[in-house]
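Descriptive analysis of the structure
The chain contents come next:
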Number of protein chains: 2
Amino acid sequence: MSGSLAPLLRPRAIAIVGASADLRKVNGRPLKFLLDKQYAGAIYPINPRYDEIAGLACYPDAAAIPGEVDLAIVAVPAAIVPAAIDDLGRKRVRAAVIFSSGFGELGAEGAKLEAELVARARAAGIRICGPNCLGIVNAFDRVMASFGQYADGPTPPGPVAFVTQSGAFGTAIAALARRRDLGLGYFVNTGNEVDVSFAEVMQEVLADERIRVGAGYIEGFKDGVELVRVAEQALALGKPLVLTKVGRTASGARVAVSHTGSLAGEDRVFAGVARQFGMVRARNEEHMLDLVEVFAFCDLPAGDGIGIVTQSGGAGVLMADRAEELDLVLPQLAAATTDEMRAAIPGFGTAANPVDITGQFVSEPQLLERSVAILLSDPNVHVGIVWIQLMDAHVATLLEIFRHIKAAASKPFIVCWVAAPDEALRGLHALGIAVLRGAEPAIDAVAGLCRYAAARRAWVARETMRSPLVSFELAELPLAAGQVGTLAAQALLTAIGVPCLPVHIAHSAEEAARTARAFERPAALKIESPDIAHKTEAGGVRLGLDSEASIRAAYAEIVVNAAARVPHARIDGVAVQPMAPPGVELVIGLQRDAVFGIVVMVGLGGILIEVLRDVVFRKAPVTPAQALAMLDELQARAVLDGVRGKPAVSKAAIADLLVRVSLFGAKHAARLRELDLNPVIAAGLTLYAVDWLLLLDAHHPST
Amino acid sequence: MSGSLAPLLRPRAIAIVGASADLRKVNGRPLKFLLDKQYAGAIYPINPRYDEIAGLACYPDAAAIPGEVDLAIVAVPAAIVPAAIDDLGRKRVRAAVIFSSGFGELGAEGAKLEAELVARARAAGIRICGPNCLGIVNAFDRVMASFGQYADGPTPPGPVAFVTQSGAFGTAIAALARRRDLGLGYFVNTGNEVDVSFAEVMQEVLADERIRVGAGYIEGFKDGVELVRVAEQALALGKPLVLTKVGRTASGARVAVSHTGSLAGEDRVFAGVARQFGMVRARNEEHMLDLVEVFAFCDLPAGDGIGIVTQSGGAGVLMADRAEELDLVLPQLAAATTDEMRAAIPGFGTAANPVDITGQFVSEPQLLERSVAILLSDPNVHVGIVWIQLMDAHVATLLEIFRHIKAAASKPFIVCWVAAPDEALRGLHALGIAVLRGAEPAIDAVAGLCRYAAARRAWVARETMRSPLVSFELAELPLAAGQVGTLAAQALLTAIGVPCLPVHIAHSAEEAARTARAFERPAALKIESPDIAHKTEAGGVRLGLDSEASIRAAYAEIVVNAAARVPHARIDGVAVQPMAPPGVELVIGLQRDAVFGIVVMVGLGGILIEVLRDVVFRKAPVTPAQALAMLDELQARAVLDGVRGKPAVSKAAIADLLVRVSLFGAKHAARLRELDLNPVIAAGLTLYAVDWLLLLDAHHPST
């Protein structure tokens, strides 16, 4: 289904199916809210039992309604919802929000009813929000198509659209937003999502020019590609998309053959894709609202330089600590700035970043204005944080100072006001200034601001465009499903520019020994079988063989082991390779993710990947810049720069390989299941795939 | 200095030096607060300019005061503070809290004045809190020896003592505590700490039986041993000590020779010692208050099993995620519990932990009471979390339900109430129930509760007592300062039971070759010089030498390299060792920490220690249980259990080695500077120190 969601989100007339005259009930509350908040469109209660509800004419069915209806609110028992949809279809109602529960969430029986509902809605051309949802609040247009607790209170409109898959938690978040004086333009709970999805609603509300920030609470989704599309649209519009997704540590249950597959926990993939497309991830509800706060009030900073002014040295240290944990460095101030600052603040203050102006500013208010101006004038500072606390007796004075600071500031800044009086919060918002209530949350939020700003800059600079800097002809994939033979896979990889260590398939011990003679270094032997993916476990690998005798013996052993341990395996011979030169071990791979399609992975080999699971994912394909960003996200990235006396390796070469592999994956998305290059050895500028495992799905001529 | 701080913290009579008649001024506010809050003791303003202030007789000097004075509040300019102390001394005043700034915090000139102040106070026998502090609030006894913003508002007493090194930040934290309806029995700001330290105040307030929880904000301290003593006392009393210490990521600037030394960032050591002695560390102010909340209201759980009841599946997932991040596992409920739960909750709820009772409980309040009772009855659940949101219209009903739950519960539980109305918070506190406002903070706080409970259990079980399970005779240390020779160090280590790889010091290439002949495996050669600690960097190490020719060549090379790269080094020969067998590489070491004295370290060798700094510290000595806990804190601890086909190693053997090394360090604390066993190779049950570096300080017969 497709088409604009305007009738759902900005209806010009609303019918209420099953409207109750008791305005406290679930089926009475929407009418109360619409009336109380003075919805400007027509409201048509439908209920054969009444002629009138709350002064409005009430209709026996949809057909009896005199005017056109964009949206119907459906609040009748599940069993009669399909009939209600038929009735609305006859009236050509265009959208319905269905509160009723008793569908998919109830198991098999409910799922059957849900399928029937979907079929009727489709036939009638009605878009559905829900069922089993709290509905929609469009605060701009006073559309109160909800029975939830959030609508039952002030709903001041603002530039934030909040879409939630959870009704209960979403309501709590919306209420917290209201307490923080953050206006929600939209509040939408999507419920069972039988038709309209989280992503589709988000796309529609972000397109509304009254919205500047999208916020979402996600419990799970099927179509990651749709979400990526929304994220790209949001980046293009310059509207940040802040998401809380629960299920961070989930996964594990996935059955996969390759390393890449076994490491692709749903959440790790989501984290990578979020970074890739500039989605800002929030840990929890308060973090989400902190991020929304700064996005709603701040311009994007031109760089990552955070400058801090505090009245407490300790708060400054706490913020510096947190910044360092987030891989942000508080820039040193320029010498001229420091001099100017030193002249402006008391002798027992600190003129370096974080600047400590001490409590002195209470008796000398100009000190605050002056120090922030000096800080923001520094070329290394791109965004400011001003930390203060309490000051109940000085709110008016401080607001006046902040008014001046705001008027003069050419760079974004936020106020972190611990234990702030409510009037201070509202006063700062009225001045267009973001205000947070803790030192760490302030850094977390500003880190999100900087990260999003970088993603947006990259977008504008077309760095994130899908224009690969490499090109190659793609070879045809073999038609058979399953594991591709070593030589065939090598040919495919070589064609896309993956440097593979030489390999020869020997069919006798003698042939293996003869092959290895030419290497001038020790050899490795590995069983070659389409039925054996885990060669080591099958006793099918022997390394460091430095004599012909040892090679012959190893050949025999390997074949015997494989036959014994994997009885029905077809043995196609034994792969003979020179031992790889020493270097940094990497694992690079592709995996078909159920949500996002083909994803590309990189990790550092050995213990780092096995024990610490230090890997990074992106949706394929990736650009060179994105590939470099992947390397920067590795916990142990310092290994690439050389440790323990080892030389650095070429990150550019690794990134190039990632780009090529990702393009291969994207082009063969229909058939590629898993690819593992494990290990890839990097030494200086050179790079070798030592082993590779390529798994394909069956070929369907139609795809 | 020593002696009880009762006159400072619980004075029976207070003098105010420099009292102002203007009660809005710094030197007028304490009098106002004392009067407003009805301090029961005598109050004596001292100021020659007045006969009376606010209806109280005012005295020209201390001598004129008719009664005894325990505490003097000093609020005069810094320059005349020493004279004021003299005056108080003549009156035999026992303690003074000095607000005045202009001392050590102002640099050299101020430090001079500070030294004078200390000398006069010492001579007069007066204990000093401050200078440059906001002072003391003892809410129980209405002692308002403070001019800070916190005293300028309600100061309801409660079981929490809060001691802060920062005035500004501390005041903000105290105000946040008040907003959360957490009563502070004590609020103390220690300022420059020229006499009374953070630790001493904490010790004194924890000894007050009206206090159940200690909370502290620390910016830095010199005497870690004093803090450890307070922590031990707190453990013995069963009163949790919650600390926020800023400067988490500090360090780096330390000059050290050994790995252990270079990794001993002040904060990493603090983190280890805090764990060791049951101090509960808070990330920031809100986290600290969350922990204080649960400690103030909850009994300690008997285990780590967290059971959760929510009205939102998503909130449950968010909490499960967070628990997993903190290495806590939500236990599976027993089959009987699950059956009972399934019968009690709606069909679309979840009967497994986290239990989702859905929004249904609004219309069926008994559902909440019933489900929590079932949850807490489960043998695997030791502490419960109940997550709800909003419910403005149902507060009274919910409080009634929680009253019943509390009355019936034999296990601790907390309520996590997102966007709770204020009346709900106060109502729950009145019922003696802890309430948090976010899902993640709730898990973080309960994790702290469980961790502290475990530390306290261990204490009670005497696990943390200093009774080592090993004993050995300590050899005498050599008298010379500096690096101890390889053989001498080996002898010392062998005597304490450290298994060292054999080593022979050769003085000629021939001798080296002859020595290696007996090994039956390749040899390693290392330069032997008291002037070369970093042998590899000096070109002084050659490994894997498998022929006599290569050994002779290596000998020559090593000696030439060392002479060239460290020109004045004394060369005592070349150490010859067999190459170590393969196994898991560890680094174990000792380091003299400036704050905590001798600390012991363990880390996994190679990249993990170099790149990820995956190391754990404890104050020496450690018990076997503490040593095992160190291993459990390693990020890459899974390596010890065997990865990539390698067998597990013996954690018990490693722990035993840590105990022995830590005892060695503790006994030789006066002279030991650094010890590095790097690497220690663990393979199965065996353990070998391959290389060791021992550095001593000069011997002073007096110590």
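Concerning the side chain of Ser100 of chain A
Residues and elements named next belong to chain A.
- Within the secondary structure, Ser100 sits in the loop between strand E6 (95–98) and helix H4 (108–124).
- For Ser100, a relative accessible area of 7% gives the class buried.
- Engagement of the side chain of Ser100 in a polar contact is seen with the backbone oxygen of Val76, the distance being 2.6 Å.
- Once you skip the residues sitting within four places of it in the chain, Ser100 turns out to touch Val74, Ala75, Val76, Ala78, Val81, Pro131 and Asn132.

Focus on the relation of the copies chain A and chain B
- Mapping chain A onto chain B leaves a residual RMSD of 0.1 Å; the transformation is a rotation of 180° accompanied by 0.0 Å of translation along its axis. A rotation of that kind, with that shift, is consistent with a two-fold axis. Taking C-alpha positions as the reference, the residue of chain A nearest the rotation axis is Leu608 of chain A, at 4.0 Å.
- When you check the interface residues of chain A against chain B, 100% turn up at the interface there too, and the contact is symmetric in its surfaces.

Remarks on the environment of Glu510 of chain B
All names here are of chain B.
- By secondary structure assignment, the location of Glu510 is in helix H18 (residues 509–517).
- In this structure, the C-alpha to C-alpha distance between Glu510 and Glu548, residues 38 residues apart in sequence, is 8.7 Å.
- If near-sequence neighbours (up to four positions away) are discounted, Glu510 is found in contact with Arg517 and Arg552.

Some words on the packing of aromatic side chains
- Following the criterion strictly, the structure yields 18 aromatic pairs over all chains and no others.
- Summarising the aromatic geometry, the rings of Tyr150 of chain A and Phe187 of chain A are spaced 5.4 Å apart at their centres and angled 45° between planes, so their arrangement reads as tilted. Residue Tyr150 of chain A is located in the loop between strand E9 (143–146) and strand E10 (160–164), and its partner Phe187 of chain A is located in strand E11 (residues 184–189); the two are separated by 37 residues in the primary sequence.
- Ring centres of Phe162 of chain B and Phe187 of chain B lie 6.0 Å apart, and the angle between their planes is 45°; on these two criteria the pair is classed as tilted. A residue pair is termed long-range when its members are at least 10 positions apart, and Phe162 of chain B in strand E10 (residues 160–164) and Phe187 of chain B in strand E11 (residues 184–189) qualify at 25 residues.

Overview of the sheet that holds E6 of chain A
All names here are of chain A.
- On the basis of which strands lie adjacent, the open sheet formed by five strands has the order E2-E1-E5-E6-E7 and parallel pairing. Looking at strand neighbours, the two that pair on one side only are strand E2 (42–46) and strand E7 (127–129), the edges of this open sheet. Across this sheet, the average inter-strand angle for adjacent strands is 20°, counted without regard to direction.
- Two elements, strand E1 (residues 13–17) and E2, share five bridges in a ladder whose sense is parallel. The residue of E2 that forms the bridge with Val17 is Ile46.
- Across the face of the sheet, helix H2 (residues 29–36) comes into contact with E1, E2 and strand E5 (71–74) while running at roughly 160° to E2.
- Packing of helix H3 (residues 81–90) onto the sheet brings it into contact with E1, E5, E6 and E7, and relative to E6 it is tilted by some 160°.

Description of the interface of chain A and chain B
- Residue-level contacts link 58 residues of chain A with 58 residues of chain B.
- Regarding the contact of chain A and chain B, the summed buried area is about 4,800 Å², with carbon and sulfur atoms giving 59% of it.
- Connecting chain A to chain B are four salt bridges.
- Of the charged contacts in the structure, one is a salt bridge between Glu325 of chain B and Arg283 of chain A, with a shortest N-O distance of 2.9 Å.
- The tally of links between chain A and chain B comes to 16 residue pairs in polar contact (both at pLDDT 80 or more).

Details of the nonpolar core
- Within the largest apolar cluster, 243 residues are counted, with the highest numbers of intra-cluster contacts made by Ile385 of chain A together with Ile385 of chain B.
- When near neighbours in sequence (up to four residues on either side) are disregarded, Ile385 of chain B contacts Ile306, Gly307, Ile308, Val309, Met319, Ile414, Cys416, Ala442, Ile443 and Val446 of chain B.
- Counting residues in each nonpolar core, the second largest holds 104 residues, with Leu590, Met630, Val649 and Ala682 of chain B among its members.

Observations regarding helix H4 (residues 108–124) of chain B
All names here are of chain B.
- Helix length check: H4 (17 residues) gives 24 Å between terminal C-alpha atoms against 24 Å at 1.5 Å per residue, within 8%.
- Of all the positions in H4, only Gly110, Leu113, Glu114, Leu117, Val118 and Ala121 are classed as buried. The buried side chains of H4 occupy one side of the element, clustering within an arc of 145° when seen end-on. Of the exposed residues in H4, those oriented more than 90 degrees away from the buried face are Ala108, Glu109, Lys112, Arg122 and Ala123.
- Where the residues of H4 are buried, they touch helix H3 (81–90), strand E6 (95–98) and strand E7 (127–129).
- Immediately downstream of H4, the backbone of Gly125 shows phi near 70°, a positive value.

Rules of the game
Residues numbered from 1 in each chain as written. Chains lettered and ligands numbered in written order. Predicted model: local features only at pLDDT ≥ 70, side-chain atom pairs only at ≥ 80, totals over all residues. Heavy atoms only, no water. Helix = DSSP H or I, 4+ residues; strand = E, 2+ residues; numbered from the N terminus. Buried < 20%, exposed > 50% of the residue type's maximum accessible area, 1.4 Å probe, protein only. Polar contact = N/O pair within 3.5 Å; in protein donor to acceptor, adjacent residues only side chain to side chain. Contact = heavy atoms within 4.5 Å. Least-squares fit on C-alpha atoms with pLDDT ≥ 70 in both. Phe/Tyr/Trp six-rings, centres within 6.5 Å; stacked < 30°, edge-to-face > 60°. Pairing = 2+ DSSP bridges. Axes fitted to C-alpha atoms, helices over the stretch in contact; angles between N-to-C directions. Buried area = accessible area lost by both parts, 1.4 Å probe. Salt bridge = Lys/Arg side-chain N within 4 Å of Asp/Glu carboxyl O. Core = buried A, V, L, I, M, F, W, Y, C linked by side-chain atoms within 4.5 Å. Expected span 1.5 Å × (residues − 1). Arc of directions from axis to C-beta.

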